[in-house]
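# Structure assessment
Spelled out from the first residue to the last, the chains are:
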Amino acid sequence: QSVLRGMAFGRGKSGELMSAATLMPQVAGGDALRPGDYTVRLRVIEAASLAALDTHGTSDPFVVVAVGGARQRTHVNKKCISCIWGTAMTFELPDLTPERAAHASVQFEVRDADAFKSD
């Protein structure tokens, strides 16, 4: 049973990103957050209207996700500004307390694979 479930749709000056996340206790419990080991499962779904950073008017975007000090990334989508990843990720949060959870965050960063290279 999940403690938290939600979808996020972020819009920034460089485009839009859609994701979904669930915080799962590793031991069955109620809906209240209790100290223990948790798993964050999320899916990077898609992005739209990204900035065209390459000389050919597109980008080669990928998403870096950070949770609790761990980082994972999606694959690179070549030559697009609106793309679908559908990438599932799992992050472990051992010994999570309500106090640590209050300051926890999930951070998404969309990057261009060759932003520092010439095309």
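Description of the structure in this document. Here the structure is a predicted model, which means the values were calculated and not measured. Starting afresh in each chain, residues are numbered from 1 along the sequence in its written order. Residue-level local features of this predicted model are given only where pLDDT is at least 70; pairs of side-chain atoms are given and counted only at 80 or more, and the full residue set underlies all totals for whole chains, interfaces and linings. As a rule here, side-chain values come from all non-hydrogen atoms in the structure, and water together with hydrogens is ignored.

Next up on the list: unusual backbone geometry. The backbone of serine 49 sits at a positive phi, close to 55 degrees, despite the residue not being glycine. We count a stretch as a helix when DSSP gives it H or I for four or more residues in a row; a strand needs E for two or more, and each element gets its number in order from the N terminus. Its location among the elements puts serine 49 in the loop between strand S3 (36-48) and strand S4 (61-67). One non-glycine residue with positive phi stands out, namely lysine 79, at about 50 degrees. Considering the arrangement of structural elements, one finds lysine 79 in the loop between strand S5 (70-73) and strand S6 (83-96). Any residue under 20% of the maximum accessible area for its type is buried, any over 50% is exposed, and the rest in between are partly exposed; the area is computed with a 1.4 Å probe on protein chains only. Overall, lysine 79 belongs to the exposed group, its relative accessible area being 57%.

Another aspect to go through is the pairing of S5. Here, strands pair whenever DSSP counts at least two bridges between them. Note: S4 against S5, 4 bridges, orientation antiparallel. Looking at S5, one finds that alanine 66 is bridged to arginine 71. The turn linking S4 back onto S5 is made up of 2 residues, and glycine 68 within it adopts a positive phi angle of 55 degrees.

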